[in-house]
Amino acid sequence: MTLGSHRRRNLLTGAWVLVSPHRMARPWLGESTPPAAAPALAHDPACTLCAGVTRASGIANPAYDGVYVFDNDFPALSPGDAPGSDDLFETAPANGVCRVICYGPDHGRHLARMPHADIEAVVACWATETRALFARPGIAAVTIFENRGAMMGASNPHPHGQIWATDWVPDELAKECAAQRAHADCTGRPLLLDVLARERAEGARLVVEGAHFTALVPFWATWPFETLILPHRAVARLDALDAAERADLADVLRRLVARYDALFAAPFPYSFGFHQAPAGAAEGFVLHAHVYPPLLRSASVRKHMVGFEMLGEPQRDLTPEAAAARLRDLPEA
Ligand code: H2U
Ligand code: ZN
């Protein structure tokens, strides 16, 4: 039997994705631009994230030697009043803290090429920031993410990410909390551990298996090479990981990004980030990371969410199983 078009439901958000495996063979006359070259410099005096350089705000970065975190000079969240709501147009206040995290002083060395201890330091910093930000009054959620590559809106090639601590639970996280709570209420088990058990039993969508974390292409993946990184136990936040888990997360991340970079022999753009339990009760919630890369068939051909996807629902040609098999076939060195 040949696999025909079908829909798959995202268990975390409730959204559906249309899968059209037969379309993989169609001719391609779409966008094709050469990828941006990888930065080679270890220090770029023109880079506002490099050690010792003065940022756009006039504040100089210290001569930092490890991970360096600072308050975003152009934060998306600012103090002030929200416009009032009325019975038709609703508004809500939005306050919080935006931080920038430089993974290390080396301008040209991203996760896949960083020494293990340096990636562990990034993971440790994520944990420390999580704990410190949740300790601030009014913080409801801490979202840690990285935009990699100009294609994904990164403003700078220096290896870095962002942390937004918000006084509300953002929409994506709210949906995922509700789904995980409903599953836990119904079964008594965390949803993502059931998903992990099923993925390990089937095997077809696994990409990287560590001692404490697994990276896989989820059954419901929307982006061609989307992955989900899951812990092996029900841990809710980064600051609850023990030392062995932090070390393994660093290792799984490095191995996964190395595979991505090998896929089209170019630095692989993506938006990557963690969903961790918000403040208060978060029944059944399991910490996890999503990696959303836009690339489709080469370093220069990306997927755009257009047409039916904007007006209907997301659609993919390459099956999640085929995407996982391609990532599994690549080297990690
Ligand atoms: P992105 O590359 O994902 O945009 O993250 C970089 C962040 O760094 C961005 O939010 C901040 C930008 O506001 N930034 C500073 O705070 N100061 C600077 O001098 C440069 C960039
Ligand atoms: Zn730099």
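None of the values given here were measured: they were computed from a predicted structure.

Caption draft 1: How the structure looks around the packing of helix H4 (residues 243-263) against helix H6 (residues 320-328). At a closest axis distance of 9 Å, the pairing of H4 and H6 adopts a crossing angle of 95 degrees. With respect to H6, the element H4 is oriented roughly perpendicular. Note on element contacts: H6 touches H4 through Arg 326, Leu 327 and Arg 328, opposite Arg 259, Tyr 260 and Leu 263. Grouping the constituent residues of the contact of H4 with H6 by class yields three nonpolar, no polar and three charged.

Caption draft 2: Spotlight on the site of ligand 1. Taken together, 14 residues lie around ligand 1, and Asn 72, Asp 73, Ser 155, His 160 and Gln 162 are the ones closest in. Looking at the shell around ligand 1 residue by residue, the classes come out as five nonpolar, seven polar and two charged.

Caption draft 3: Representation of the sheet that holds strand E7 (residues 206-209) within the structure. Reading across from one edge, E3-E4-E6-E5-E10-E11-E9-E8-E7 is the order of the nine strands in this open sheet, with antiparallel pairing throughout. Looking at strand neighbours, the two that pair on one side only are strand E3 (68-71) and E7, the edges of this open sheet. Within the sheet, the average angular offset between the axes of one strand and its neighbour, ignoring direction, is 20 degrees.

Caption draft 4: Up close: unusual backbone geometry. Unusually for a residue other than glycine, Ala 265 sits at a positive phi of about 50 degrees. Position of Ala 265 relative to the elements: it lies in the loop between H4 and strand E10 (270-275).

Caption draft 5: Inspection of the coordination of the zinc ion (ligand 2) at higher detail. Surrounding the zinc ion (ligand 2) are the protein donor atoms Cys 47 (SG), Cys 50 (SG), His 107 (ND1) and His 158 (ND1), at 2.0 to 2.4 Å. Geometry at the zinc ion (ligand 2) is tetrahedral, judged from the four donor atoms that bind it and their angles of 100 to 115 degrees at the metal. Read N to C, the donor residues that coordinate the zinc ion (ligand 2) are spaced as C-x2-C-x56-H-x50-H. Of this pair, Cys 50 sits in the loop between strand E2 (16-19) and E3 while His 107 sits in the loop between strand E4 (96-102) and helix H1 (116-134), and the two are 57 residues apart along the sequence. Residue Cys 50 shares its accessibility class with His 107, and that shared class is buried.

Caption draft 6: View of the packing of aromatic side chains. In this structure the tally under the stated criterion is eleven aromatic pairs. Judged by centre distance (6.1 Å) and plane angle (80 degrees), the rings of Phe 225 and Phe 264 are edge-to-face. Of this pair, Phe 225 sits in the loop between strand E8 (213-216) and strand E9 (227-231) while Phe 264 is found in the loop between H4 and E10, placing the two residues 39 residues apart along the sequence. Phe 225 sits in the buried class, given a relative accessible area of 0%. Taking the relative accessible area as the measure of exposure, Phe 264 reaches 15% and is therefore buried. Ring geometry for Tyr 270 versus Phe 272: centroids 6.1 Å apart, planes at 80 degrees, classification edge-to-face.

Caption draft 7: Structural view of the pattern of salt bridges. One pass over the full model with this rule turns up 21 salt bridges. The salt bridge involving Asp 239 is made with Arg 131; its shortest N-O contact spans 3.2 Å. With Asp 239 in the loop between E9 and H4 and Arg 131 in helix H1, this pair connects stretches of sequence that are 108 residues apart. On the basis of relative accessibility, which here comes to 19%, the residue Asp 239 falls in the buried class. Among the charged side chains, a salt-bridge network with shared partners connects Arg 8, Arg 198, Glu 199, Glu 202, Arg 205 and Glu 321.

Caption draft 8: Representation of the environment of Glu 172 within the structure. Its place among the elements puts Glu 172 in helix H2 (residues 171-187). Each C-alpha atom, one on Glu 172 and one on Thr 13, is 7.3 Å from the other, the two residues being 159 residues apart in sequence. Setting aside chain neighbours within four positions, we find Glu 172 in contact with Thr 13 and His 275.

Caption draft 9: Examining the pairing of strand E1 (residues 6-9) more closely. With four bridges connecting them, E1 and E2 associate as antiparallel partners. Each residue of the ladder has a partner; that of His 6, found in E2, is Val 19.

Caption draft 10: The layout of surface pockets, seen in detail. Reported here for the second largest pocket is a volume of approximately 640 Å³. Those elements that provide at least two residues to the lining of the second largest pocket are E2, strand E5 (141-148), strand E6 (160-166), H2, E10 and strand E11 (288-292). For the lining of the second largest pocket, the element with the most residues is E10, which contributes five residues.

Caption draft 11: Structural view of the pairing of E7. Here three bridges tie E7 to E8, and the two strands are oriented antiparallel to one another. Bridged to Glu 209 within E8 is Thr 214. Here E7 folds back onto E8 in antiparallel fashion, the turn holding three residues.

Caption draft 12: Examining the environment of Ala 236 more closely. Within the element layout of this structure, Ala 236 appears in the loop between E9 and H4. By relative accessible area, which is 28% here, Ala 236 ends up partly exposed. Look past the residues within four positions of Ala 236 in its chain and what remains in contact with it is Gln 276, Ala 277, Phe 285 and Leu 287.

Analysis parameters
Residues numbered from 1 in each chain as written. Chains lettered and ligands numbered in written order. Predicted model: local features only at pLDDT ≥ 70, side-chain atom pairs only at ≥ 80, totals over all residues. Heavy atoms only, no water. Axes fitted to C-alpha atoms, helices over the stretch in contact; angles between N-to-C directions. Helix = DSSP H or I, 4+ residues; strand = E, 2+ residues; numbered from the N terminus. Parallel < 35°, antiparallel > 145°, perpendicular 65-115°, else oblique. Contact = heavy atoms within 4.5 Å. Nonpolar A, V, L, I, M, F, W, Y, C, P; charged D, E, K, R; others polar. Near = heavy atom within 4 Å. Pairing = 2+ DSSP bridges. Donors = N, O, S within 2.8 Å, 3.2 Å for Na, K, Ca; no water. Tetrahedral: all angles 85-135°; square planar, octahedral: opposite > 155°, others 65-115°. Buried < 20%, exposed > 50% of the residue type's maximum accessible area, 1.4 Å probe, protein only. Phe/Tyr/Trp six-rings, centres within 6.5 Å; stacked < 30°, edge-to-face > 60°. Salt bridge = Lys/Arg side-chain N within 4 Å of Asp/Glu carboxyl O. 1 Å grid on protein atoms, 1.4 Å probe; cavity = no way out; pocket = protein on both sides within 12 Å on 5 of 7 lines; lining within 4 Å. Points joined across faces, edges and corners; volume = space filled by probe spheres on them.

Everything listed is a geometric property; what it means functionally is a separate question.
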